[in-house]
Protein chains: 2
Amino acid sequence: MQTVLKALAHPMRRDILAMLRAAPCNASQIADKFDVTKPTVSGHLNILMDADLISQVRNGTTLTYHIRLSVLEETLGGLMGMFDIGNNNEKNGN
Amino acid sequence: MQTVLKALAHPMRRDILAMLRAAPCNASQIADKFDVTKPTVSGHLNILMDADLISQVRNGTTLTYHIRLSVLEETLGGLMGMFDIGNNNEKNGN
DNA sequence: ATAATAATTAGCCAATTGCCTAATTAGGTA
DNA sequence: TACCTAATTAGGCAATTGGCTAATTATTAT
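**Observations regarding the protein's contact with DNA strand D**
Right, on to step 1. Around DNA strand D sit 22 residues in total, of which Thr-40 and His-44 of chain A together with Ser-28, Ser-42 and Tyr-65 of chain B are the nearest.
Right, on to step 2. Protein-proximal atoms of DNA strand D, defined as those within 4 Å of the protein, fall in sugar or phosphate at a share of 80%.
Right, on to step 3. Contacts to DNA strand D include Asn-46 of chain B, whose side-chain N or O atom sits 2.9 Å from a phosphate oxygen.
Right, on to step 4. At the level of secondary structure, the elements contributing two or more residues to the surface near DNA strand D comprise α4 (38-50) of chain A together with α3 (27-33), α4 (38-50) and β3 (62-67) of chain B.

Here is the structure:
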């Protein structure tokens, strides 16, 4: 929860996630889209990895990154639960 | 979106919101619950105010804080929309 | 072994965060 | 006015964040 929300608190990281939502990408492809250097992208990818929001698959010299949607869903669900909003209106079983 | 997510990225601020979700409170009541000084709480409340996540109502010398649930809902909805998750499965009108 | 490419880690720096104490503002009351 | 309480703003400090360049690791190909 904490690491995920911290990861989501940076706009570039959200945009990276949105990009990976559309299709898996490698670090160079990502760096091409965002006007920063590769090491900067790598840093953001590390943070997203720590939050379990993405996973990586090596294919030769390139690492392809995939979004882990379930983690995103669980976190947003957890937040909604914390404030009792969104997930229909089955507030509490009696 | 950005200011809201930054505000949500701190656990004490989420806990303050959860407290206000249960009932409106003033700054002293909040400071009593969290083992930090009042100025620290005040700083967090400022950040939550900037994000429009709370509003304040003066009543004499005390300020009572209220959660603004709609902002929370819109932000979480926006996030879900950004990643196309959660809000049922009406993905796109054809 | 050497070279080339993909990507990372290391190290530096400015800006921000988060906390504290001290000082100030706002409102109510004797 | 003077005083008291609620709460904020001001200012300082250590830790974190987010960016960069330079150096390193990992894999493949010649």
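**A word on the protein's contact with DNA strand C**
Right, on to step 1. Around DNA strand C sit 22 residues in total, of which Ser-28, Ser-42 and Tyr-65 of chain A together with Thr-40 and His-44 of chain B are the nearest.
Right, on to step 2. When atoms of DNA strand C within 4 Å of the protein are sorted by moiety, sugar and phosphate together comprise 82%.
Right, on to step 3. Note that a sugar or linking oxygen of DNA strand C is positioned 3.5 Å from one of the side-chain N or O atoms of Thr-61 of chain A.
Right, on to step 4. Lys-6 of chain B places a side-chain nitrogen or oxygen 3.3 Å from a phosphate oxygen of DNA strand C.
Right, on to step 5. Breaking the surface near DNA strand C down by element, the ones donating at least two residues are α3 (27-33), α4 and β3 (62-67) of chain A together with α4 of chain B.
Right, on to step 6. Element by element, the count of residues in the surface near DNA strand C is highest for α4 of chain A, at four residues.
Right, on to step 7. Per-class residue counts for the surface near DNA strand C are six nonpolar, twelve polar and four charged.

**Overview of the side chain of Arg-13 of chain A**
Residue and element names in this part refer to chain A.
Right, on to step 1. By secondary structure assignment, the location of Arg-13 is in helix α2 (residues 11-22).
Right, on to step 2. Nearest to the buried, unbridged Arg-13 among oppositely charged side chains is Asp-50, at 9.7 Å.
Right, on to step 3. A distance of 2.8 Å separates a polar side-chain atom of Arg-13 from the backbone oxygen of Ala-7.
Right, on to step 4. What Arg-13 contacts, discounting residues up to four positions off in sequence, is Lys-6, Ala-7, His-44, Ile-47 and Leu-48.

**Structural notes on the side chain of His-44 of chain A**
Right, on to step 1. Here His-44 of chain A shows up in helix α4.
Right, on to step 2. Excluding residues that lie within four positions of it along the chain, His-44 of chain A makes contacts with His-10, Met-12, Arg-13 and Ile-16 of chain A.

**Here we look at the interface of chain B and chain A**
Right, on to step 1. Listed as interface residues are 23 residues of chain B and, on the opposing side, 23 residues of chain A.
Right, on to step 2. Summed over both sides, the interface between chain B and chain A buries roughly 2,000 Å², with carbon and sulfur atoms accounting for 74% of that surface.
Right, on to step 3. Applying the counting rule to chain B against chain A returns zero salt bridges.
Right, on to step 4. One can count eight residue pairs in polar contact (both at pLDDT 80 or more) joining chain B with chain A.
Right, on to step 5. Sorting the residues of the side of chain B that touches chain A by element identifies α1 (2-8), α2 (11-22) and α5 (69-83) of chain B as the ones contributing at least two each.
Right, on to step 6. For the side of chain B that touches chain A, the leading source of residues is α5 of chain B, giving eight residues.

**Quick notes on the relation of the copies chain B and chain A**
Right, on to step 1. At an RMSD of 0.0 Å, chain B and chain A line up after a rotation of 180 degrees and a shift of 0.0 Å along the axis. The transformation just described matches what one would write down for a two-fold rotation axis.
Right, on to step 2. Most of the interface of chain B is mirrored in chain A, where 100% of its interface residues are also at the interface.

**Some thoughts on α4 of chain B**
Residue and element names in this part refer to chain B.
Right, on to step 1. Across its 13 residues, α4 extends 18 Å between first and last C-alpha, which sits within 8% of the 18 Å expected from 1.5 Å per residue.
Right, on to step 2. Contacts made by the buried residues of α4 are with α1, α2, α3, β2 (54-59) and β3.
Right, on to step 3. Positive backbone phi, at 65 degrees, marks Asp-52, one or two positions downstream of α4.

Conventions we followed
Residues numbered from 1 in each chain as written. Chains lettered and ligands numbered in written order. Predicted model: local features only at pLDDT ≥ 70, side-chain atom pairs only at ≥ 80, totals over all residues. Heavy atoms only, no water. Near = heavy atom within 4 Å. Polar contact = N/O pair within 3.5 Å; in protein donor to acceptor, adjacent residues only side chain to side chain. Helix = DSSP H or I, 4+ residues; strand = E, 2+ residues; numbered from the N terminus. Nonpolar A, V, L, I, M, F, W, Y, C, P; charged D, E, K, R; others polar. Buried < 20%, exposed > 50% of the residue type's maximum accessible area, 1.4 Å probe, protein only. Lys, Arg positive; Asp, Glu negative; His and termini not counted. Salt bridge = Lys/Arg side-chain N within 4 Å of Asp/Glu carboxyl O. Contact = heavy atoms within 4.5 Å. Buried area = accessible area lost by both parts, 1.4 Å probe. Least-squares fit on C-alpha atoms with pLDDT ≥ 70 in both. Expected span 1.5 Å × (residues − 1).

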